[in-house]
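# Chains, contacts and geometry: an overview
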Amino acid sequence: MKIAVCLKLVPATTADIRVAPGGREPLLAGVEMAVSFYDEYALATALRLRAAFPGSIIHALSVGGGECVRCLQHALALGVDHALHIQSPGADARAAARLAAAALRPLTPDLVLCGRQAMDDDLWFFPGALAEWLDWPHISAVFSLDVAPGKSAVRCRRRFEGGEQTIEAVWPVVVSCDRGPHEPPIPTLKGRLASRKMPLPAMTPAELGLAAADLEPAMAPTHYAPPTQRTPKKMLAGAPAEAAAELLRLLRHEEGVLE
Amino acid sequence: MTGNVLVILPHVGGKPKRTAFELLTVASALAQVPGGRVSALLIGHSAARAAGNLGAWGVERAYAAAVGPDGYAPLSWVRLIADTARTENAAVILLSADSIARDIAGRVAARLGGALASDCVGLRANSSCLTVTRPVLSGRLLVSADFKGPGPLVATLRPNSFAVEAPARPGAGALVPLTVKEQEKDLRVIATELANAASGCPELTEATIIVSGGRGVGSAESFRLIRQLADALGASPGASRAAVDAGYAPHSMQIGQSGKTVNPALYIACGISGSMQHLAGMRTSKCIVAINKDPQAQIFRFADYGLVGDLFVVVPALIAELKRKT
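Residues numbered from 1 in each chain as written. Chains lettered and ligands numbered in written order. Predicted model: local features only at pLDDT ≥ 70, side-chain atom pairs only at ≥ 80, totals over all residues.

## Considerations on the overall build of chain B
Our working rule: Secondary structure elements are taken from DSSP: a helix is a run of H or I of four residues or more, a strand is a run of E of two residues or more, and numbering for both begins at the N terminus. We compute the radius of gyration from the C-alpha atoms alone; for a globule the expected value is 2.2 Å times N to the 0.38, where N is the number of residues. Backbone-placed C-beta atoms define the burial measure: a residue is buried with 20 or more other C-beta atoms within 10 Å of its own, exposed with 12 or fewer, and partly exposed in between. By definition, residue pairs are in contact when their C-beta atoms, positioned from the backbone, come within 7 Å.
Counting its secondary structure elements, chain B contains 8 helices and 18 strands. For 326 residues, the compact-globule estimate of 2.2 N^0.38 gives 20 Å, and the C-alpha radius of gyration of chain B, at 21 Å, lies within 12% of that figure. Its C-alpha atoms give chain B principal-axis dimensions of about 60 × 45 × 40 Å. Per-residue burial for chain B yields a buried fraction of 60% across its 326 residues. Within chain B, contacts between residues separated by at least 24 positions form 66% of all contacts whose residues are at least 6 apart in sequence.

As structure tokens, then:
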């Protein structure tokens, strides 16, 4: 089976992020970057499927500027067969989905895997938009995925409010991944060294038949701010019973969040 | 810049969910700007019942599509929403930020040639654009962004983020039944089985009070204490990833980066250190209380009220105090 994985490099989830004066933009220079959390699970799923279905191949793909190289080398170090960098610095989710759809169509994958959300825009837009423009079905935020051999279909499990759902789709299909039971693998040193020597082809939007007008950002950010800074209004001390009574009084009468 | 607003109205048991009224309040405010109208689309087998009384909430037309939830076919939902949005010439489509919205909202936006804004905590219109405010970078920043088209804006609203107020101007509230003709093409993906977690308490994502336990709870048995405090408060119990990974609580209770994002009025964190990953899932809560025996725990930096102490002493004291009052 032919699998494609879409990857994005984003600020590490543990990094502290500050804002430029006036809130114009987040200050990302020097911030530690990492492959987006859920994309790692997509990559792990692809590698697991290839191991289960000998003869399968994996294409890794990343849309953006030079940062994509790191994502793709990570994927190559873990053993994906091909990597493709789509050069479009600053592309937003909608533009990235358009570009990825154009790049994936000729590759004719059976299954495209990606993360459920990118850990920078937290938008949940890319997988559904990609599937729409490929005119394929998609399944979002799955924590397990099985392929029925010879059936050209996937069977996934996903969580939703109050329970879990089994959902099936026929190939070709886009599946976005949630955190599953299999933790993402870590590349070996040998794999990492080898990945630096592997070819990393790149394509431009023009080569994919898309013009700048097709890739206009959907929204214009005007202001960034950290969420309201909380200074503990009160640290409650004293015997537990008194502290508990004081806390409940504050929640009822000062905050009005309890009846 | 707005125009007509279409609300995909969340409902259960023949009634709109509480979040539905947040969506309707926002919709009425948006539709006022250039004189647009609000319509609602309800999907599901009790849709018509839940659509009964929406005129008072400013709804002109309430479309009710009776598809069952058991054979959830996301592409049918996408088609229904996109077709209704076209019929209504909707400039804005509002959904509650739940797992169905996460499944289909992006696809609806792509089909209609518009844009998606997820988990909005603010949404307003002026004469030239729509402005959304939403968390990005796992809640580390809030961004405000303008949308000027082309196409409609599909926005999912984070529950408990907007005040609820019935509009001054009611709508006709006309019920429009929709018959869904299933298309072969839309059945390429279908949910075949639902396993509901039996639980009488509100969904974490919609809960107004949450009591959450972390690694400090120590075992699955002692997690009962978290549930007891939740019961005493009429709250929903939650858990950190550390507690879920250790097997103290099921994944359905997990709050944070790889779990649910919650936005209650009151969040009580018990024995939770406050990792960035956990904060990502709860930091928009209106009032945060932290109970932890480590005075250096990061959670205290994000709490409105902190209580340094052993949760096995503090939580029973809280339960006792709550029982004493009632």
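## Here we look at the overall build of chain A
Helices and strands together make up the secondary structure of chain A, namely 6 helices and 15 strands. Within the span of chain A, comprising 259 residues, buried residues form 47% of the whole.

## A word on the packing of helix α2 (residues 68–77) of chain A against helix α5 (residues 189–196) of chain A
Residues and elements named next belong to chain A. Put simply, the test is: Each axis is a line fitted through C-alpha atoms, and for a helix only the stretch in contact is used; angles between axes span 0 to 180 degrees, taken between their N-to-C directions. Oblique is the label for any angle not under 35 degrees, not over 145, and not in the 65 to 115 range, which are roughly parallel, roughly antiparallel and roughly perpendicular in turn. Left-handed describes a crossing whose near helix is turned anticlockwise from the far helix through less than a right angle; right-handed describes the clockwise counterpart. Residues were grouped as follows: Ala, Val, Leu, Ile, Met, Phe, Trp, Tyr, Cys and Pro as nonpolar; Asp, Glu, Lys and Arg as charged; and all remaining residues, including Gly, as polar.
Contact pair α2 / α5: the axes reach a minimum separation of 8 Å and the direction vectors enclose 125°. Classed by the angle they form, the pair α2 and α5 counts as oblique. Considering how the two elements wind past one another, α2 and α5 form a crossing that is right-handed. Contacts between α2 and α5 involve Q73, L76 and A77 from the former and G191, R192, S195 and R196 from the latter. For the contact of α2 with α5, the residue count by class is 2 nonpolar, 3 polar and 2 charged.

## Here's the deal with the pairing of strand β6 (residues 90–96) of chain B
Residue and element names in this part refer to chain B. We count it as follows: Two strands qualify as a pair provided that DSSP identifies no fewer than 2 bridges between them.
Counting buried positions along β6 gives 7 out of 7 residues, so the element sits mostly inside the fold. As paired strands, strand β1 (residues 4–8) and β6 are joined by 4 bridges and run parallel to one another. Bridge pairing in β6 links V7 to L94. When β6 meets strand β11 (residues 153–157), the two strands line up parallel, connected through 5 bridges. Paired with I93 across the strands is V154, a residue of β11.

## Structural notes on the sheet that holds β6(B)
Remark on secondary structure: sheet strands pair via backbone hydrogen bonds, oriented parallel or antiparallel. Residue and element names in this part refer to chain B. Here we have 7 strands laid out as an open sheet, ordered β7-β11-β6-β1-β4-β5-β12, and parallel in their pairing. In this open sheet, the two strands that pair with only one neighbour each are β7 (115–120) and β12 (174–178). The mean inter-strand angle of the sheet, taken between neighbouring strand axes irrespective of direction, is 20°. In this sheet, β11 lies alongside β7 in parallel orientation, the contact comprising 4 bridges. When the sheet's bridge partners are listed, A117 is paired in β11 with A155. Where helix α1 (residues 18–32) meets the sheet, its contacts fall on β1, β4 (38–43), β5 (59–65), β6 and β11, and the angle it forms with β1 comes to roughly 175°.

## Points about the sheet that holds strand β18 (residues 305–308) of chain B
Strand order in this open sheet of 6 strands is β15(A)-β18(B)-β17(B)-β16(B)-β14(B)-β15(B), and the pairing throughout is parallel. For this open sheet the edge positions go to β15 (234–236) of chain A together with β15 (236–239) of chain B, each flanked by a neighbour on one side alone. Averaged over all adjacent pairs, the angle separating strand axes in this sheet is 20°, with direction ignored. Bridge count between strand β14 (residues 209–213) of chain B and β15(B): 4 bridges; the pairing is parallel. Each residue of the ladder has a partner; that of V211(B), found in β15(B), is P237(B). In the packing of helix α5 (residues 223–233) of chain B onto the sheet, the strands contacted are β14, β15 and β16 (266–270) of chain B, and the crossing angle to β14(B) comes to about 170°.

## Focus: the nonpolar core
Rule in force here: For the purposes of this analysis, a nonpolar core is taken to be any set of buried Ala, Val, Leu, Ile, Met, Phe, Trp, Tyr and Cys residues that are connected through C-beta atoms within 7 Å.
Core analysis: the biggest nonpolar cluster contains 147 residues, and V5(A), A100(A) and L94(B) have the highest contact counts within it. Each residue touching A100(A), except ones within four places of it in the same chain, is listed here: C6(A), L61(A), V63(A), I86(A) and L130(A). In this structure, V217(B), L229(B), A269(B) and A280(B) belong to the second largest nonpolar core, which totals 53 residues.

## Description of the interface of chain A and chain B
The interface of chain A with chain B comprises 66 residues on the first partner and 70 residues on the second. Considering every element that reaches the side of chain A that touches chain B, the biggest residue donor is helix α6 (residues 240–254) of chain A, with 9 residues. Residue composition of the side of chain A that touches chain B, grouped by class: 42 nonpolar, 10 polar and 14 charged. By the bridge criterion, 5 bridges tie strand β14 (residues 220–225) of chain A to strand β10 (residues 141–147) of chain B in an arrangement that is antiparallel. Residue pairing in the sheet places H223(A) in a bridge with S144(B) of β10(B).

## Some remarks on the domain arrangement of chain B
Residue and element names in this part refer to chain B. Note the following rule: Where each domain begins and ends follows an automated or database-derived domain assignment.
Segmentation of chain B into domains returns domain 1 (4–188) and domain 2 (209–325). Of note, the centres of domain 1 and domain 2, computed from C-alpha atoms alone, are 32 Å apart. The interface is formed by 9 residues belonging to domain 1 together with 10 residues belonging to domain 2. Class assignment of the residues belonging to the side of domain 1 that touches domain 2 gives a composition of 3 nonpolar, 4 polar and 2 charged.

## What to know about helix α3 (residues 74–87) of chain B
Residues and elements named next belong to chain B. Worth spelling out the cut-off: Here, expected helix span is obtained from the residue count minus one, scaled by 1.5 Å.
Given a rise of 1.5 Å per residue, 14 residues ought to cover 20 Å, and the 20 Å separating the end C-alpha atoms of α3 matches this to within 8%. Within α3, 11 of the 14 residues are buried, leaving the element largely enclosed by the surrounding structure. Those residues of α3 not exposed but buried are P74, L75, S76, W77, V78, R79, L80, I81, A82, T84 and A85. Of the residues one or two after α3, N89 is the one with positive phi, at around 50°.

## Quick look at α1(B)
Residues separated by three or four positions in an α-helix point in the same direction, a consequence of the helix having 3.6 residues per turn. All names here are of chain B. If you check α1, its first and last C-alpha atoms are 22 Å apart, about what 15 residues at 1.5 Å a residue would give, namely 21 Å. Among the 15 residues of α1, 11 are classified as buried, and the element is accordingly described as predominantly covered. Regarding α1, the residues found buried are T19, A20, E22, L23, L24, V26, A27, S28, A29, L30 and A31.

## Details of unusual backbone geometry
Residue P172(A) is bonded to the preceding W171(A) through a cis peptide linkage, with omega at -15°. Structurally, P172(A) is set in the loop between β11 (163–170) and β12 (173–177). Cis geometry marks the peptide bond from G149(B) to P150(B), where omega comes out at 0°. Note on placement: P150(B) falls in the loop between β10 and β11. Of note in this structure, D122(A) is not a glycine but carries a positive phi near 50°. Along the chain, D122(A) falls in the loop between β8 (111–115) and α4 (126–134).

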